[in-house]
Structures are given as C-alpha cells and as structure tokens.
Amino acid sequence: MGCVIAGGGPAGAMLALLLARAGVEVTLLEKHGDFLRDFRGDTIHPSTLQVLDELGLAPDFMKIPHRKAYEISLVTDAGDVRLADLRGLRGTYRYIAFVPQWDFLTLITSAAERYPGFRLLMNAEAYDLIREGGAVRGLRYRDGSGKHEIRADLTVAADGRYSALRARAGLVPEDLGAPMDVVWFRLPRHDTDRDDTFLRLADGRMMVAINRESYWQLAYLVLKGGYDEMRRQGIDALREPVARLMPWLADRVAGIGGYDDVSVLTVRLDRLRRWHRPGFLCIGDAAHAMSPVFGVGINLAVQDAVATANLLAGALRAGAPIPERTLHRLQRRRMLPTRVTQAAQRLVQNRVIGPALNRRLDPTRLPRDLTRFPLVGLLAPRFIGHGVRPEHVGVKEL
C-alpha cells in the first residue's frame, strides 16, 4: 500500500486528497467520530484559497457559509488601529475567509472520496508504529472493534501538536515558548454590534472577537498558566474583564454559565529538528506547532501537505522506495517558512502580547494606521495572506 496518514486535520486531509487524486492508495485515520471540534480560529488565508482553486474546489468552498475579512484591526481605548489591508494583494483572493473547520475538512474528505484509492477510517486512533528492518512499515490503531495494523510504504504523522506517532518515533520538538494561553467561548451577537472581526486590547487584557453572524466566537488571552488561577476565582474572573473590554457585551456575559462553557487552548510554539525516520514523516502541527498569532496554523499545514504530495506522489504511486534523503528534502523545503513564521510569531509574542498582558505596553500610543508605513503596508499583507514560499499543486489528477 502507498501511504497511511494519522490525523484528519488540515494537513492529513489535504495530503490524503492530493495523493488519492494522483492515483496513490491512501488511508486516512481520524480518532474522532466526526470533525465537529469547536473553538478554533478557522481562518482560511489566500494561500489556501489558491490551493482550493487549483484543485477545482473553490466553487464548492464558496457555497459554505463564511465571512470575508479584508483588513485586520486592533481596537484600543483611543480608537481603532489598522494593522493590515489585504485588498492590495496580487491574485484572486484578497481576504481571509472565516469558515468552521469541520466544513473545510468535510469539503476536503468528500472530494477525496471520489477517488478509488482513498479510504477514511473514523474513530480510529493511531497509537504505535510498525518497524521492520530499521524502517517504519505502517502503524497500529485502535477502534471500537479492537486493535489493528495497516502496512504502508510511507507513514505520515499529521496527528497534531501532541502527536502519539511522533513520540513513538523518538522525535522530540524544541519548545520555543509562548507567554499566553487562550480561553475560547461564544456569546450571542446582535444586529447592532459592529460587523468586523478584530483584536481588542486595553488595561493589560487582550481578546480576539470573530464575527460568526449569529454569535461572537471570542478568544480571551491569559498569561501562561493563568487559567487555573482564573478558574479558582470563579466564573466572574472571566465575565468581568470581558465586560470591561467590550461594554456592549456586558448584558450577555451571564451566558458564560461556568467553565464548562469554555475551551482552553494551551498555546505551544515548537518544531522538530528532524521531521522524519526511514518510512516515516511528520507534517503540520506534528512537525511544528504554531502560535495563534496571525492565524496561519491551518495554512502552514496545508502548505506542508501540498509540498509533500508534489515531492512524493510519483514514487508512492509506483511503489518505489522513498529514501530518507528525499524526506529530508521535504523538511529542508518547509523548514524555511516554518522558521520565518515562528520567528515573526515570537516577535509579536515577546514585543506585544507578553508586554500587553503584563501592562508594559500602552496601545493608545500606537499610530491609527500602521499600513501607511511602507514596510508594514507592503510586507504584512503578503506575509499574512500568502506566507513564505507558498506551495502550488504540482501533481496531476489521474
């Protein structure tokens, strides 16, 4: 068999589609019974929209209810600060699309199901690797009926930042640090509320507000490790700062009934020094956990998948052995965008988020429009929209 992929997130699902489309036999394992995991940023950037276009999936994507963000703003007590304007980008897609990730994953896996070589196993949790002759030859997984094995020429770990297969391969990520964690929750949205998606910063507190039409999806940032203390203080320790940050939500914060109504993202920023073993490869969060800064995690994962398919589909289709040096070529290609993106995320974490949460940054002193500065106005939209070394679909459909 050609390839088995653990993890039905953006990296795993996109790689499975691209390989199946290229005539490779591929099995995708997802440990949950569906894709309905809420409280994610769900941002689809122009680079990913372009990939969907190249796959002929853009029309289907546009049928999914979504909102478009053409610029990014920071709301301070002194007014709005415009951080980036995507309307000047080259190409067809000059905005960020906010769409529930389960709809995105359903779109990708449904497209993959049109190809005879694709198989999707739900409720299938990969927990170990099969090793023979010094190489990985597949994986072991468990489902409701017991434990099973799948043998493959290539085993891909796309099972997230806490990857079980990565650990079984003896690959340990380097922790780059993060000063914050994120508390996700939702509150009703009224027609009289502002219409955009934005960041709010004031008085040592920071929150991201995502307009989901009928409700606000809100991400309240706390200092790393601060959630446990907040929880000990009771639910008002969350309700009160939210009401102070956004007074127009004050009459709705009672809708946060308790901490069972929130989801906590423990922010990690890390990457592997080595992404592979013989017959085994890590991509997406399993190779590099991204900070929520810039919301580019989904898009880096998709870019990894496209690069992997471009490089390996031919050999996998032919059943040819894939030397480890070829896997290392992929790592070298994707390491540059990983390093640059994470460096930018660390810069924002260390110079903005950390100081802001520690009350060492006064956002009211920021210029009202950062896009007027040539470096910011030119580079920020390209970095956020297309990233470093955007990948394009190079494998043909068979």
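Computed from a prediction, not measured in an experiment: that's the story for all the values here.

(A) Representation of a nonpolar patch on the surface within the structure. There is a patch of nonpolar side chains on the surface, built from Phe373, Leu375, Val376, Leu378 and Leu379 and spanning about 450 Å² of accessible area. Summarising the element assignment, Leu379 is placed in helix α10 (residues 374-385).

(B) Just the nonpolar core, in detail. Of all hydrophobic cores here, the largest spans 79 residues; its most connected members are Ile5, Met14, Leu17, Leu19, Phe61 and Phe280. Counting residues per element, this core draws most heavily on helix α8 (residues 297-318), which supplies 10 residues. Residue contacts for Phe280: discarding those within four places in its chain leaves Leu129, Val136, Leu154, Thr155, Ala157, Leu165, Arg166, Ala169, Leu171, Trp275 and Leu327.

(C) Representation of the packing of aromatic side chains in the model. A complete count under the given rule lists 6 aromatic pairs for this structure. Here a set of aromatic residues connected by ring pairs shows up, and it is made of Tyr70, Tyr93 and Tyr95. Over the ring of Tyr127 we find Arg142, and its NZ or CZ is 4.2 Å from the ring centre. If you follow Arg186 out to its NZ or CZ, it ends over the ring of Tyr215, 4.0 Å from the centre.

(D) Here's a closer look at unusual backbone geometry. The phi dihedral of Asn123 falls on the positive side, at around 55°, and the residue is not glycine. Relative to the helices and strands, Asn123 is located in the loop between β8 (118-122) and β9 (125-132). Not every positive phi belongs to a glycine, and Arg389 is a case in point at roughly 55°. With respect to the helices and strands, Arg389 occurs in the segment after α10. Under the relative-accessibility criterion, Arg389 is labelled partly exposed at 33%.

(E) Layout of the pattern of salt bridges. Within this structure, the stated rule accounts for 31 salt bridges. Salt-bridge contacts for Asp203 lead to Arg359; the nearest nitrogen and oxygen are separated by 3.5 Å. With Asp203 in the loop between β15 (198-202) and β16 (205-211) and Arg359 in the loop between α9 (324-357) and α10, this pair connects stretches of sequence that are 156 residues apart. When its relative accessible area of 49% is taken as the criterion, Asp203 is described as partly exposed. Taking the shortest distance from any N to any O, the salt bridge between Arg232 and Glu229 comes out at 2.8 Å. On the criterion of helical spacing, the pair formed by Arg232 and Glu229 is a turn pair, its members being 3 residues apart in helix α6 (residues 226-232). Given the relative accessible area of 36%, Glu229 is considered partly exposed. It is possible to trace a salt-bridge network through shared partners that takes in Glu71, Arg82, Asp85, Arg87 and Asp369.

(F) Representation of α9 within the structure. Along its length, α9 reaches its greatest deviation from straightness, about 40°, at Gln349. Looking one or two residues past α9, Arg359 carries a phi angle of roughly 60°, positive in sign.

(G) Broad picture of the packing of α8 against α9. Put simply, α8 and α9 touch, their axes get as near as 10 Å, and they point 155° apart. In terms of their interaxial angle, α8 and α9 are classed as roughly antiparallel. The two elements α8 and α9 meet at a crossing, and its hand is right-handed. For the pair formed by α8 and α9, the contact residues are Leu300, Gln303, Asp304, Ala307, Thr308, Leu311 and Leu312 on the first element and Thr326, Leu327, Arg329, Leu330, Arg333, Arg334, Pro337 and Thr341 on the second. Counted by class, the contact of α8 with α9 contains 7 nonpolar, 4 polar and 4 charged residues.

(H) View of the sheet that holds strand β22 (residues 288-289). Taken in spatial order, the 3 strands make up an open sheet running β13-β19-β22, and their pairing is antiparallel. Lying at the two open borders of the sheet, with one neighbouring strand each, are β13 (174-175) and β22. Taken together, the 2 bridges between strand β19 (residues 270-271) and β22 define a ladder with antiparallel strand orientation. Each residue of the ladder has a partner; that of Arg271, found in β22, is His288.

(I) How the structure looks around the side chain of Asp128. Within the secondary structure, Asp128 sits in strand β9. A relative accessible area of 14% means that Asp128 is categorised as buried. A polar contact of 2.9 Å, which involves the side chain of Asp128, links it to the side chain of Arg168. Not counting residues up to four positions away in its chain, the partners in contact with Asp128 are Leu139, Arg140, Leu165 and Arg168.

(J) Structural context of the pairing of strand β17 (residues 215-223). Most of β17 is tucked away, with 8 of its 9 residues classed as buried. In the sheet, β16 pairs with β17 via 6 bridges, with the strands oriented antiparallel. Residue Met206 lies in a different strand from β17, and its bridge partner there is Leu221. As consecutive antiparallel partners, β16 and β17 are separated by 3 residues, and within that stretch Glu213 has a phi angle of approximately 70°, a positive value.

(K) Expanded view of the sheet that holds strand β11 (residues 146-151). The strand order β9-β10-β11 describes an open sheet built from 3 strands, whose pairing is antiparallel. At either end of the open sheet lies a strand with only one pairing partner, and these are β9 and β11. Going across the sheet, the axis of each strand differs from the next one's by a mean of 30°, ignoring polarity. Alignment of strand β10 (residues 135-143) against β11, held across 6 bridges, turns out to be antiparallel. Following the sheet pairing, Arg140 is matched in β11 by Glu149.

Rules used throughout
- Residues numbered from 1 in each chain as written.
- Predicted model: local features only at pLDDT ≥ 70, side-chain atom pairs only at ≥ 80, totals over all residues.
- Heavy atoms only, no water.
- Patch = residues over 30% accessible without salt bridge, like charges linked within 9 Å, V, L, I, M, F, W, Y side chains within 5 Å.
- Areas by Shrake-Rupley, 256 points an atom, 1.4 Å probe, with all protein chains shown as cover.
- Salt bridge = Lys/Arg side-chain N within 4 Å of Asp/Glu carboxyl O.
- Helix = DSSP H or I, 4+ residues; strand = E, 2+ residues; numbered from the N terminus.
- Core = buried A, V, L, I, M, F, W, Y, C linked by side-chain atoms within 4.5 Å.
- Buried < 20%, exposed > 50% of the residue type's maximum accessible area, 1.4 Å probe, protein only.
- Contact = heavy atoms within 4.5 Å.
- Phe/Tyr/Trp six-rings, centres within 6.5 Å; stacked < 30°, edge-to-face > 60°.
- Lys NZ or Arg CZ within 6 Å of the ring centre and 35° of its normal.
- Bend = angle between axes of the 7 residues up to and from the residue.
- Axes fitted to C-alpha atoms, helices over the stretch in contact; angles between N-to-C directions.
- Parallel < 35°, antiparallel > 145°, perpendicular 65-115°, else oblique.
- Left-handed = near helix turned anticlockwise from the far one by under 90°.
- Nonpolar A, V, L, I, M, F, W, Y, C, P; charged D, E, K, R; others polar.
- Pairing = 2+ DSSP bridges.
- Polar contact = N/O pair within 3.5 Å; in protein donor to acceptor, adjacent residues only side chain to side chain.

Any functional reading would require information beyond the geometric quantities listed.
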